[in-house]
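In case you want the letters, here they are:
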Amino acid sequence: MTERIAAEAGFSPGRVWAMMLRYLYLLRSSWPRAFELVYWPTIQMILWGFMTQFLQTNSSWIAQAFGVLLAAVLLWDVLFRGQLGISVSFLEEMWSRNLGSLFVTPLRPYEWILSLLAMSFLRVMIGVVPAALLAIPLYHYSIFTLGLPLLAFFVNLLVMGWALGLMICALILRHGLGAESMAWLAIFVLAPVSGIYYPVSVLPSWLQWVAWALPSAHSFEGMRGVMFDGVFHLGHFLAAAALNVVYLGVGVLTFLYAFRVARVRGALLQTGE
Amino acid sequence: MVSPAIEVADLTKRFDRTVAVDGIGFTVFRGQTAALLGGNGAGKTTTLSMLLGLLLPSAGKIRVFGEDMLRHRYRVLPRINFSSPYVDLPHRLTTRQNLAVYGRLYGVRRLEERIEALAADLQIGIFLDRPYGKLSAGQKTRVALAKALLNEPELLLLDEPTASLDPDTADWVRTYLETYRARTGATILLASHNMAEVERLCSEVMMMRAGRIVDRGPPEELIARYSRTNLEEVFLAIARREENLEVAE
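Cut-off values and rules
- Residues numbered from 1 in each chain as written.
- Chains lettered and ligands numbered in written order.
- Predicted model: local features only at pLDDT ≥ 70, side-chain atom pairs only at ≥ 80, totals over all residues.
- Helix = DSSP H or I, 4+ residues; strand = E, 2+ residues; numbered from the N terminus.
- Pairing = 2+ DSSP bridges.
- Axes fitted to C-alpha atoms, helices over the stretch in contact; angles between N-to-C directions.
- Contact = placed C-beta atoms within 7 Å.
- Nonpolar A, V, L, I, M, F, W, Y, C, P; charged D, E, K, R; others polar.
- Buried ≥ 20, exposed ≤ 12 C-beta atoms within 10 Å, placed from the backbone.
- Right-handed = clockwise from strand over helix to strand, strands pointing away.

Below, the discussion takes up the environment of S201(A). Checked against the element boundaries, S201(A) lands in the loop between α8 (182-185) and α9 (205-212). Separated by 97 residues in sequence, S201(A) and V104(A) place their C-alpha atoms 51 Å apart.

Our next topic: the sheet that holds strand β9 (residues 204-209) of chain B. Within a sheet, adjacent strands bond to each other through the backbone by hydrogen bonds, running parallel or antiparallel. Residue and element names in this part refer to chain B. Ordered in space as β6-β7-β8-β3-β9-β10, the six strands form an open sheet in which the pairing is mixed. Strand pairing shows two members of the sheet lacking a second neighbour, β6 (80-83) and β10 (212-217), which therefore form its edges. Between one strand and the next, the sheet's axes are offset by a mean angle of 15°, whatever the strand orientation. In terms of strand pairing, strand β3 (residues 33-38) meets strand β8 (residues 187-192) through five bridges, oriented parallel. Within β8, the residue paired with L36 across the bridge is A191. Packing of helix α5 (residues 137-149) onto the sheet brings it into contact with β6 and β7 (155-159), and relative to β6 it is tilted by some 165°.

A separate point is the interface of chain A and chain B. The interface of chain A with chain B comprises 34 residues on the first partner and 34 residues on the second. Those elements that place two or more of their residues in the side of chain A that touches chain B are α1 (13-29), α5 (99-102) and α11 (234-265) of chain A. Take the side of chain A that touches chain B: its biggest share by element is nine residues, from α1(A). Across the side of chain A that touches chain B, the residue classes tally to 17 nonpolar, ten polar and seven charged.

A word on unusual backbone geometry. All names here are of chain B. The phi dihedral of F65 falls on the positive side, at around 50°, and the residue is not glycine. Positionally, F65 belongs in the loop between β4 (59-64) and β5 (67-68). With a phi close to 50°, S227 is a non-glycine residue in the positive phi region. Within the secondary structure, S227 sits in the loop between α8 (219-225) and α9 (231-248).

Residue and element names in this part refer to chain B. Of all six residues in β8, six are buried; the element is thus mostly enclosed. By the alternation rule, side chains of β8 split into T187, L189 and A191 and I188, L190 and S192, which are all buried. With respect to chirality, the unit in which β7 leads through helix α6 (residues 167-184) into the neighbouring parallel β8 is right-handed.

This paragraph deals with the sheet that holds strand β2 (residues 18-29) of chain B. Residue and element names in this part refer to chain B. The four strands lie next to each other as β2-β1-β4-β5, forming an open sheet whose pairing is antiparallel. Edge strands, defined here as strands with exactly one partner in the open sheet, are β2 and β5. Bridging between strand β1 (residues 4-15) and β4 involves five bridges; their strand directions are antiparallel. Bridge pairing links T12 to A59 in β4. The sheet strands contacting helix α1 (residues 44-52) are β1, β2 and β4, and the helix crosses β1 at an angle near 115°.

So this is what it looks like as structure tokens:
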């Protein structure tokens with residue numbers, strides 16, 4: 001009988017792919033879900049694009065940095081969609097009461113995490129890239145002119161989104177679907193202190209300390225550095241990367257701890273509504 | 001000599017002050033069909049969940065195919081499978097997609113071939129490309145069984161395998177399980193409160209009540225020991241005896 005199966009004892013990319021396939025099937029089966037991924041980044045970009053055009057004619061500060069708001073909107077969406085990409089894929093399992101079936105297979109929790117990260121990356125690409133491309137004909141602005149620094153901001157914001165997504169999943173695993181709304185709301189608590197649309201120096205000094213503890217604040221500050229001064233601030237990049245190592249580590253550990261607690265409490269079998 | 005498939009010793013599960021499973025021990029041998037029989041809240045599902053590693057015990061030992069399930073469950077999980085009305089499959093995925101995902105998770109070789117064979121065997125071919133959520137209860141049960149048999153498990157754990165099925169479908173499932181065991185020599189442990197089902201399928205029964213195994217043995221032996229005509233009467237006799245003991249205490 002065991003000849004039929006080839007389950008690998010250690011890490012298995014096949015199992016990670018199996019979980020990705022599960023989420024891809026879902027995306028393919030529901031065009032509103034796929035459309036939703038593109039919808040919000042595009043709407044945000046259009047709204048802020050017109051806002052930017054208006055301000056360009058009314059503010060010398062903004063006039064010097066045409067596109068700063070658009071770039072901020074698109075990069076904020078990388079963070080938000082990155083977090084949501086993790087949380088929503090995770091919630092799909094809760095909604096379908098599938099955790100009990102999944103975790104009697106040889107699937108390891110860390111393989112599941114890897115599939116969630118990969119799906120988050122795909123969701124971000126599907127959502128943000130079309131919006132970024134649409135900005136070119138609409139506003140003659142291309143975020144890609146940021147060059148290589150764009151990749152640095154993208155990676156840092158995506159990884160921060162992953163870390164927050166895993167922490168939110170841990171919270172939902174601990175408190176059940178009653179905490180589901182956190183997937184959509186939690187990240188907005190960080191928006192005011194992330195310095196998305198304004199410099200961190202605008203914040204009260206005590207709040208600046210909070211901001212500098214966030215990889216997002218360093219990324220947006222770095223973005224403004226490139227756009228206003230044409231300088232890539234390596235310090236901000238390294239600070240964001242170092243913080244992300246801590247954030248992602250905490251995210252993974254929190255998730256694995258919540259998973260273990262769920263096994264103690266029997267929550268893997270009682271995850272439905 | 002037949003070796004054990006499952007060995008359980010002093011297994012206990014406490015949820016705060018509630019003792020769901022209270023120091024139970026049993027052995028199920030390879031090729032045997034055994035049952036945990038008991039009413040609602042007897043501890044059957046909790047015991048199965050601990051055997052699968054979905055739930056961590058408060059105390060006790062579980063060995064499956066000689067492996068310690070608390071330390072090396074991933075060595076054993078590819079060889080076992082599970083079906084329960086308390087878990088589900090993704091509703092928006094078709095039957096085929098669900099089986100494809102689970103087949104990959106189990107590392108099933110020649111997966112397409114395997115799905116087609118199971119579809120023919122379990123008569124699910126006509127709704128293979130229909131979303132799982134749109135199937136009837138009977139169809140879902142057959143798909144869940146197909147999922148549970150994807151890796152041709154050497155040990156099959158079934159929680160209430162015929163719950164909410166009409167008599168015809170329930171009988172079909174029982175016949176299929178008998179055939180599967182006879183063909184593959186697999187071990188089956190089921191949790192049920194369906195006495196007739198247990199009497200028909202199982203060679204060993206463990207009667208559970210309030211988290212404890214209160215009696216055990218082959219169905220015919222239990223029936224003879226309690227001088228009853230069927231397992232349901234044995235179950236009621238045990239339940240009332242235990243109630244009387246509790247009152248006396």
